[in-house]
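# Examining the three-dimensional arrangement
Each chain, written out:
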Amino acid sequence: MSENGMGISRRGFVAGAGATALGVGLAGGIVGCAPGTEKESEHTAGVEKTAYDPKAGEWIPTTCNMCFNNCSIKAHVIDGVVVELTGNPDSSIGRGHICGKGASGIMQLYDPNRITKPLKRTNPKKGFDEDPGWEEISWDEAYGLVDERMKAAIERSGPHAVTGMSMVASQIGSLVRHTALGVIYGNAEGSCSDICGAGVHQIEYLFTGTGNARPDYVNCNYVVQFGTNAGTATRHGYNMTVEPFAERRKNGLRHVVFDPHMGAAGEKADLWVPIRPGTDAAAALAIAYVLVHEENLIDIEFLANRTNGPSLVDLDTKRIVFDEKTGHSLYMDSDGEAKPYDRCSAPQLEGTFEVDGRQCSTGFTLYKEHLKTYTPEYQESITTVPAATIRQVAKELGEAACIGQTTEIDGVTLPYRPAAVDAFSGITRHKHAFHSCWAVFSLNNLIGSTNSVGGFCGFDPICNGWADDNPTMSWRPGLWEPEGLIDCAGLLLAFPNSYYKRCTKAITRLRPWA
């Protein structure tokens, strides 16, 4: 919509600005970090005089594609040419702002070296000294080749034999590809992960049911971050989280950052904790030790009813014990009888019992015993973090969680746990990422903040489908029946799949315990 109220159709914009502009997404702007509105004073303040009339042309809503945040922006189009880009104040995705990287997108749009047509490799030989022999082909030929190769691969190995790669560099491209593979070929697993989230996304699948999670910034009062600048400088959804995070900071949210260097998050934090690179797991386990063994600041109800902490584990095999009839994991009920989890009225979180001649302990009992090694003093020589700092953070985190309290939202009473522990690149792009992330995010389970109001919540958990109610492209969190656990669902795994099923199949095949 232009400043004088004139509109333009999507088709008209494509014709005017060029179909290829929308093919990769319009991006950026030339005003830097100024908020975008359609008022002349905000568009032109501090900007040198341009060769175009700022009142001419039209403003077209579109999407930035310079990073995976994909903020909503507006393109100022005059005579079919994009001359200016601003944030879109009508959208919560960006909240009317545009960043410096987005500002450079207009150069990408009109880069004379930009590839605008499909290219086909004609030289089958690979190598640094080999000329690929790229030649332009038509879109019809390109689609035909892709379709032919896709169908051949699926015929050989099934619909899940196809993958793709674009992820961080082009999130929109990734999601469009997911959708296309699901709708056309029955495959929506077209993602070949790069180093981005090898640990963090996997643990978020297990704990929240989605591959992405973040603190509930609007309701949170205490945030601990390990190796991430989320809400201050980077991370997906940055322009959507920075404002509510800043508002909560202004209203009293306490911010603690574990990071080897004082980056943007550490600089703005209430407490910056320097830590030796790659040792975050030791610090997290020491915080868990204090919560469990010293302060007793843990959410017993959450651990007993919303985790597999009560699962009985055979002390000889170290495997969870399952009921032979139902195939469900066994819990010890308050009446002293081992029962399938879905028949257990009062699961016992701790204890060692004899079940059918086998000595068994609950999973939480073994976890609690395991933590005894990781005292604040033990971790100090590993991480360089003073033991007193670990105790301070653990006590603050546990007390801020308001364990036992509830709140009401839209007439529904829900657990209120306004504290969260978050992590990202600093630990997930390091060695032992899976185990480090596991140790860090387990803290949210201990205080009961996982998927709780004010806590650490998964996002994009539900989709009702886009094309003719296509079942392949609709999803919601499921249930892993053998243990009653929330099963993965989410935009990056846009297929009714099961994370636990995949893990179980792999483990059963390898049988590492045999």
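Below, the structure is looked at part by part. (Residues numbered from 1 in each chain as written. Predicted model: local features only at pLDDT ≥ 70, side-chain atom pairs only at ≥ 80, totals over all residues. Heavy atoms only, no water.)

## Observations concerning the overall build of the protein chain
The criterion, for reference: The helix and strand labels rest on DSSP assignments: H or I over at least four residues marks a helix, E over at least two residues marks a strand, and numbering proceeds from the N terminus. Per-residue accessibility, obtained with a 1.4 Å probe over protein chains only, is compared with the maximum for each type, and a residue is labelled buried under 20%, exposed over 50%, and partly exposed between these values. The contact criterion used throughout is that any non-hydrogen atoms of two residues lie within 4.5 Å.
The number of helices and strands found in the protein chain is 18 helices and 20 strands. Out of the 514 residues belonging to the protein chain, those deemed buried represent 47%. Counted over contacts in the protein chain with a minimum sequence separation of 6, partners at least 24 positions apart contribute 61%.

## Notes on the pattern of salt bridges
Counted only if it meets this: Salt bridges are defined as contacts in which a side-chain nitrogen from Lys or Arg sits within 4 Å of a carboxyl oxygen from Asp or Glu.
By the definition in use, this model includes 16 salt bridges. Between arginine 417 and aspartate 299 there is a salt bridge, with the nearest N and O atoms lying 2.8 Å from each other. One end of the pair, arginine 417, is in the loop between β16 (412–415) and β17 (419–423); the other, aspartate 299, is in the loop between α11 (280–294) and α12 (300–306), with 118 residues separating them in the sequence. Like aspartate 299, arginine 417 is buried.

## Considerations on the sheet that holds strand β7 (residues 222–226)
The condition is simple: Whether two strands pair comes down to DSSP finding at least two bridges between them. The angle between two axes is taken between their N-to-C directions and runs from 0 to 180 degrees, where each axis is a line fitted to C-alpha atoms and a helix contributes only its stretch in contact.
Taken in spatial order, the 4 strands line up as β9-β8-β7-β17 in an open sheet, and their pairing is parallel. What marks the edges here is a single partner per strand, and that holds for β9 (271–273) and β17. Across the sheet, the mean angle from the axis of one strand to that of its neighbour is 15 degrees, orientation sign disregarded. Note that β7 and strand β8 (residues 254–258) share 5 bridges and pair parallel.

## Focus: the environment of tyrosine 238
Mapped onto the elements, tyrosine 238 comes out in helix α9 (residues 238–250). Expressed as a C-alpha distance, the spacing of tyrosine 238 and cysteine 71, which sit 167 residues apart in the sequence, is 9.4 Å. Excluding residues within four positions of it along the chain, tyrosine 238 makes contact with Asn69, Gly231, Thr232 and Ala233.

## Overview of the nonpolar core
Generally speaking, a soluble globular protein has its nonpolar side chains buried in company with each other. Here is the rule: Only buried residues count toward a nonpolar core, which is a set of Ala, Val, Leu, Ile, Met, Phe, Trp, Tyr and Cys residues joined through side-chain atoms within 4.5 Å.
Phe226, Phe258, Ile287 and Leu291 are the most contacted members of the largest nonpolar core, which has 64 residues in total. Ranked by residue count, the leading element in this core is α11, at 11 residues. Judged by nonpolar contacts, the second largest core, of 11 residues, contains Met66, Val82, Leu85 and Leu109.

## Thoughts on the sheet that holds strand β10 (residues 312–314)
Ordered by their spatial adjacency, 3 strands build an open sheet running β10-β14-β13, and the pairing between neighbours is antiparallel. The open sheet has two free edges, formed respectively by β10 and β13 (352–355), since each of these has just one partner strand. Across the sheet, the axes of successive neighbouring strands diverge by a mean angle of 40 degrees, strand direction being ignored. As paired strands, β10 and strand β14 (residues 358–362) are joined by 3 bridges and run antiparallel to one another. Among the inter-strand pairings, valine 313 is bridged to a residue of β14, identified as serine 361. Helix α13 (residues 363–371) rests against β10 and β14 of the sheet, and its axis sits at about 70 degrees to β14.

## Points about helix α14 (residues 376–383)
Counted only if it meets this: The arc in question is formed by the directions pointing from the helix axis toward the C-beta atoms.
Those residues of α14 lying buried are Pro376, Gln379 and Thr383. Take α14 and look down its axis: the buried residues cluster within an arc of 65 degrees, on one side only. In this structure, the buried side of α14 is in contact with α11 and α15 (387–400).

## Remarks on the side chain of serine 91
By the secondary structure assignment, serine 91 is in the loop between β3 (81–87) and α4 (100–103). Judged by relative accessible area, serine 91 falls into the buried class, the value being 16%. Residue contacts for serine 91: discarding those within four places in its chain leaves Ser72 and Gly96.

## Quick look at the packing of aromatic side chains
When we look at a pair of aromatic rings, we describe it by the centre distance and by the angle of the planes. For the record, the criterion: Each Phe, Tyr or Trp ring (for Trp, its six-membered ring) is paired with any other whose centre lies within 6.5 Å, and the angle between the two planes then decides the class: stacked below 30 degrees, edge-to-face above 60, tilted in between.
Enumeration over the complete set of coordinates arrives at 8 aromatic pairs. Here the aromatic rings of tryptophan 139 and tyrosine 143 are separated by 5.9 Å at their centres, their planes lie at 35 degrees, and the arrangement is tilted. Here tryptophan 139 and its partner tyrosine 143 are both found in helix α6 (residues 139–157), 4 residues apart, which amounts to about one turn of the helix. Given a relative accessible area of 54%, tyrosine 143 falls into the exposed group.

## Quick word on a nonpolar patch on the surface
Here is the rule: Surface patches are defined over residues having more than 30% relative accessible area and no salt bridge, joining like charges when they lie within 9 Å and nonpolar side chains (Val, Leu, Ile, Met, Phe, Trp, Tyr) when within 5 Å. Using a 1.4 Å probe, accessible areas were evaluated by the Shrake-Rupley method; residue-level cover was limited to the displayed protein chains.
A cluster of nonpolar residues, Ile115, Leu119 and Trp134, forms a patch on the protein surface that exposes about 330 Å² of accessible area. Relative to the assigned elements, tryptophan 134 resides in the loop between β4 (119–120) and β5 (135–136).

## Details of the environment of leucine 109
In this fold, leucine 109 is placed in helix α5 (residues 105–109). Taking the C-alpha atoms as reference points, leucine 109 and valine 82, separated by 27 residues in sequence, lie 8.9 Å from one another.

## Examining the packing of α11 against helix α17 (residues 433–446)
We apply this condition: We call two directions roughly parallel when the angle between them is under 35 degrees, roughly antiparallel when it is over 145, roughly perpendicular when it lies between 65 and 115, and oblique otherwise. By definition, turning the near helix anticlockwise from the far helix through less than a right angle yields a left-handed crossing, and turning it clockwise yields a right-handed one.
At a closest axis distance of 8 Å, the pairing of α11 and α17 adopts a crossing angle of 25 degrees. With respect to α17, the axis of α11 lies roughly parallel. Considering how the two elements wind past one another, α11 and α17 form a crossing that is left-handed. Across from Ala281, Ala284, Leu285, Ile287, Ala288, Leu291 and Val292 in α11, the residues of α17 making contact are Ser436, Ala439, Val440, Leu443 and Leu446.

## Some words on unusual backbone geometry
The phi dihedral of cysteine 402 is positive, around 55 degrees, even though this residue is not glycine. Relative to the helices and strands, cysteine 402 is located in the loop between α15 and β15 (406–409). You will see that asparagine 451, though not glycine, has its phi angle at about 55 degrees, which is positive. Assignment of secondary structure puts asparagine 451 in the loop between α17 and β18 (456–458). Residue classification places asparagine 451 among the partly exposed positions, given a relative accessible area of 31%.

## Quick notes on the packing of α11 against α15
Two elements in contact, α11 and α15, have axes separated by 9 Å at closest approach and are oriented at 60 degrees. Judged by the angle between their axes, α11 and α15 are oblique. Crossing of α11 over α15 shows right-handed handedness. Every residue of α15 that contacts α11 at Ala283, Ala286, Ile287, Val290, Leu291 and Glu294 is listed here: Ile390, Arg391, Val393, Ala394, Leu397 and Gly398.

## As for α15
Rules: In a helix, the anticipated span is given by 1.5 Å times the number of residues less one.
Relative to the 20 Å expected for 14 residues at 1.5 Å per residue, α15 spans 20 Å between its end C-alpha atoms, a close match to the ideal helical length. Every buried residue of α15 is listed here: Ala387, Thr389, Ile390, Val393, Ala394, Leu397, Gly398 and Ala400. Against the buried residues of α15 lie β7, β8, β9, α11, α14 and β17. Taken from the residues just after α15, cysteine 402 is the one with a positive phi, measuring 55 degrees.

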